[in-house]
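# A structural walkthrough
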Amino acid sequence: MNIYAFIPLIATLAYIPLLVSTIVARPWQQKHLLFLLFLISASLWSLVDVLFRNNYFPEHNLLLVHIIVFLFLWMAVQFHVFTSSFYPPNKGRWLPLAYGILLVFTIPNILGYIPREVIVEGDKLYPQYGIVAYLMAAALLVLLARNLYVFIPRLKTQDN
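Residues numbered from 1 in each chain as written. Predicted model: local features only at pLDDT ≥ 70, side-chain atom pairs only at ≥ 80, totals over all residues. Heavy atoms only, no water.

### A look at the pairing of strand E1 (residues 117-121)
Let me state the cut-off plainly: At least two bridges found by DSSP between two strands are what make those strands a pair. In DSSP terms, a helix is any run of H or I states spanning at least four residues, a strand is any run of E spanning at least two, and both are numbered starting from the N terminus.
Pairing geometry for E1 and strand E2 (residues 124-128), over 5 bridges, is antiparallel. Residue pairing across strands places Val120 opposite Leu125, the latter belonging to E2. As consecutive antiparallel partners, E1 and E2 are separated by 2 residues, and within that stretch Gly122 has a phi angle of approximately 70°, a positive value.

### Things to note about a nonpolar patch on the surface
Rules: The patches reported here contain residues having more than 30% relative accessible area and no salt bridge. Joining distances are 9 Å for like charges and 5 Å for nonpolar side chains (Val, Leu, Ile, Met, Phe, Trp, Tyr). Accessible surface area values rest on a Shrake-Rupley calculation with a 1.4 Å probe, where residue burial reflects the displayed protein chains alone. Each reported salt bridge corresponds to a side-chain nitrogen of Lys or Arg within 4 Å of a carboxyl oxygen of Asp or Glu. Buried, partly exposed and exposed residues are distinguished by accessible area as a fraction of the type maximum, computed with a 1.4 Å probe on protein chains only: under 20%, between the cut-offs, and over 50%, respectively.
The grouping of Met1, Ile3, Tyr4, Phe6, Ile7, Ile10, Tyr56 and Phe57 at the surface amounts to a nonpolar patch, some 920 Å² of accessible area in total. You can see Ile10 is positioned in helix H1 (residues 6-24). Taking relative accessible area as the criterion, Ile10 reaches 42% and is therefore assigned partly exposed.

### Remarks on the environment of Tyr99
Residue placement: Tyr99 occurs in helix H4 (residues 95-111). When the C-alpha atoms of Tyr99 and Phe38 are compared, they prove to be 14 Å apart, with 61 residues separating the residues in sequence.

### Details of the environment of Glu117
The criterion, for reference: Contact criterion: two residues are considered in contact whenever any of their non-hydrogen atoms come within 4.5 Å of each other.
In this fold, Glu117 is placed in strand E1. For Glu117, a relative accessible area of 42% corresponds to the partly exposed category. Separated by 54 residues in the primary sequence, Glu117 and Leu63 place their C-alpha atoms 9.7 Å from one another. Residues within four places of Glu117 in sequence aside, it is in contact with Leu62, Tyr126, Pro127 and Gln128.

### Describing the pattern of salt bridges
Tallied over the entire structure, the rule returns 1 salt bridge. Asp49 serves as the salt-bridge partner of Arg53, at 3.2 Å between the closest nitrogen and oxygen. Of this pair, Arg53 and Asp49 both sit in helix H2 (residues 30-53), separated by 4 residues, roughly a single helical turn. Given a relative accessible area of 23%, Arg53 falls into the partly exposed group.

### Thoughts on the packing of H2 against helix H3 (residues 61-84)
Going by this rule: Fitted lines through C-alpha atoms give the axes, limited to the stretch in contact for helices. The angle between two N-to-C directions lies from 0 to 180 degrees. The scheme is simple: roughly parallel for angles under 35 degrees, roughly antiparallel for over 145, roughly perpendicular for 65 to 115, oblique for anything else. Two helices that cross are described as forming a left-handed crossing if the nearer one is turned anticlockwise from the farther one by less than a right angle, and a right-handed crossing if clockwise. Gly falls in the polar group here, along with every residue not listed as nonpolar (Ala, Val, Leu, Ile, Met, Phe, Trp, Tyr, Cys, Pro) or charged (Asp, Glu, Lys, Arg).
Put simply, H2 and H3 touch, their axes get as near as 8 Å, and they point 155° apart. With respect to H3, the axis of H2 lies roughly antiparallel. In the crossing of H2 with H3, the sense of the turn from one axis to the other is left-handed. Grouping the amino acids of the contact of H2 with H3 by side-chain chemistry returns 22 nonpolar, 3 polar and 2 charged.

Remember that the coordinates give geometry; whether it matters functionally is a separate question.
Below, the structure is given as structure tokens:
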């Protein structure tokens, strides 16, 4: 087992009890489904990362990284969708922006711009993500900033 695959493996194993407990919890609300979709995307992302980092399929390394990028995007957007379900009614959830980010960055991923190649040096794999990855990170940081903007005031306590 490659040391770089150890943390994604632990994450994959940690998601299993959460998936099971979410599936068996009744009655379901919409938040349960949103959380389940987040858990599915996160566990798939971690599982595919384990397969990639261990280099089980060396002839498909580039394909695995393309899948990892898509699953990461889906997971990040799904996390925003889940967390935004807790927004107060007067705050916009920005769902078109979130799904737009997923769509906009899935297209260059399918076309092969994210990542461009995977460099193999011994047992280590180095995906070359390129400049588009920085744009993707900036777009996802906008969603994070929105979540922080809405939730931080709700977490503050008032001194009386």
